[in-house]
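Summary of structural features
Residues per chain, in single letters:
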Amino acid sequence: MNEFELRREKLFNSLPDFSLALVYSGVSKICSEDEFYPFEANRNFFYLTGIEQENSILMLVKAPGEKRTYLFLDEYNELKERWTGKKLRYDDAKEISGVSNIYSNNTFKSMLEMGLGKEDNPYGHIDTVFLDLSDELKIGNNLSTQIYKGQLLEQYPELKIENVYPLIVELRLVKSPYEVAQLEEAIAATSTGINDLLSFMRPGFYEHELADRFEYYGKSHGRRKLSFETIIATGKDATVLHHPITQQVRQIEINDLILFDLGYKHNGYCADISRTYPINGVFSGKQKEIYEVVLACNKAVINYIKPGLTIADLQSYTIDFLKEQCRNRKLIEKDEDILKYYIHSVSHFLGIDTHDVGNRSRKLVPGNVITVEPGLYFVEDGIGVRIEDDVLVTEDGARCLSKCIKKEVEDVEKLLRSRK
Ligand SMILES: [Mn+2]
């Protein structure tokens, strides 16, 4: 079984008998007139098939002793391909996804009707259809799965319609060895991109030039996609958490700290890394003090992680840790002031989405991958520091996947000194 077959097998196990699940890749969204946003396949569809082509549908049918998988794709059309380029050939789609029953999406409607029909139905009576009912998923012009649900109920009033999304969330949360390896590759590539950035950055450059450089480096080394829009923030700009590319217009100064929050993807898996480095190669006075608190916190949280805790637990641990350290170093006067300087969450799940499925009240289990990203932002000093690693939850703790990217003060300063 290939990786995607294994995932579908797990989903089959959580479906009841006499049910049918439909998972859509979705269609491109219109930006304006006949201009479309770049297409991104629905991540649940990608997770179950490895395919990223629009207008594709996965259908799973489960009956006693029976598990059938169908994939519906655009069919070969010579004229269309003259306009918009090649579509996946069915053999290639089979190779990627491991699905052997591949049909034209023109036959989907009649195949579905056969599956839901009461007469001559090879599966007996299907009573439940599972749809991915996420709001943002578009499966046709002006057609969401919510609207489609209504249409199905009109046609089959006795049908039960359930949401397949939560079932897929359960699977996506626990990463297989294959998935951990993809994340490690994404992180290794990101590390190379960071090294390139470090040898490139100089005072006088504009922030966006570094973001552009990181993107260009990824594109020219393996046509990598960004996990998300690159954040390059220097000086006071680093106190804005998601300093947007359109505002990355500050010119870098010699005594600045530079905060970067960035990542490349590998086979769809997202690295998400933040580091904060001194442009001139040495942390000074208050910069160093704040950096040391955030670094200590980053390491303490990674040490603290173990199965059974929630992200909410990690968050309260982080707040307590930062509070105490900042008070001891006289960075804050009153305990409650910490929430002025630390204003976000310490972790989120990571995977084929940068902010992957799973919420903060879920108990961590081995195989979860989360970020650990404490930060402190002193607006009045123009200092923002965030240190973010990607971490795998293990049986007895956690393994940091992004160790290769330097964060100890000495190591960072040595690294920056060694730049060409
Ligand atoms: Mn993050």
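Note: the structure precedes this text.
So, here is what we can say about the structure in this document. (Residues numbered from 1 in each chain as written. Predicted model: local features only at pLDDT ≥ 70, side-chain atom pairs only at ≥ 80, totals over all residues. Heavy atoms only, no water.)

1. Some remarks on the sheet that holds strand β7 (residues 128–131)
Whenever strands of a sheet pair, they do so through backbone hydrogen bonds, lying parallel or antiparallel. Strand order in this open sheet of six strands is β6-β5-β4-β1-β7-β10, and the pairing throughout is mixed. Two strands lie at the open edges of the sheet, namely β6 (102–104) and β10 (160–163), each paired on one side alone. Shown here is a sheet whose adjacent strand axes are inclined to one another by a mean of 25 degrees, direction ignored. Relative to β10, β7 is paired through four bridges, and the arrangement is parallel. Residue pairing across strands places Thr128 opposite Lys160, the latter belonging to β10. Taken strand by strand, helix α4 (residues 90–97) contacts β5 (66–73) and β6, and its axis lies near 140 degrees from that of β6. This element, helix α5 (residues 108–116), spans β1 (19–24), β4 (57–63), β5, β6 and β7 of the sheet and lies at about 160 degrees to β1. (Pairing = 2+ DSSP bridges. Helix = DSSP H or I, 4+ residues; strand = E, 2+ residues; numbered from the N terminus. Axes fitted to C-alpha atoms, helices over the stretch in contact; angles between N-to-C directions. Contact = heavy atoms within 4.5 Å.)

2. Structural notes on the coordination of the manganese ion
Each protein donor to the manganese ion is listed here as Asp272 (OD), His348 (NE2), Glu373 (OE) and Glu388 (OE); together their distances run 2.1 to 2.5 Å. Each donor residue of the manganese ion lies on one chain, and together they are spaced D-x75-H-x24-E-x14-E. With a gap of 25 residues between them, His348 in the loop between α12 (338–341) and β16 (369–372) and Glu373 in the loop between β16 and β17 (375–378) connect regions that are remote in the sequence. Each member of the pair, His348 as well as Glu373, is classed as buried. (Donors = N, O, S within 2.8 Å, 3.2 Å for Na, K, Ca; no water. Buried < 20%, exposed > 50% of the residue type's maximum accessible area, 1.4 Å probe, protein only.)

3. Regarding the sheet that holds β16
Here three strands make up an open sheet; going across it, the order is β16-β19-β20 and the pairing antiparallel. The open sheet terminates on both sides in strands that have one partner only, identified here as β16 and β20 (398–400). Across this sheet, the average inter-strand angle for adjacent strands is 35 degrees, counted without regard to direction. Where β16 meets strand β19 (residues 389–393), four bridges bridge the pair, whose relative direction is antiparallel. Among the inter-strand pairings, Val369 is bridged to a residue of β19, identified as Leu392.

4. Notes on the packing of aromatic side chains
A complete count under the given rule lists 12 aromatic pairs for this structure. Judged by centre distance (4.9 Å) and plane angle (25 degrees), the rings of Phe200 and Phe205 are stacked. Under the relative-accessibility criterion, Phe200 is labelled partly exposed at 22%. Here the aromatic residues Tyr24, Tyr70, Phe72, Tyr103, Phe108 and Tyr148 are joined through ring pairs into a cluster of three or more. A cation over an aromatic ring shows up here: Arg7 above the ring of Tyr47, its NZ or CZ 4.3 Å from the ring centre. (Phe/Tyr/Trp six-rings, centres within 6.5 Å; stacked < 30°, edge-to-face > 60°. Lys NZ or Arg CZ within 6 Å of the ring centre and 35° of its normal.)

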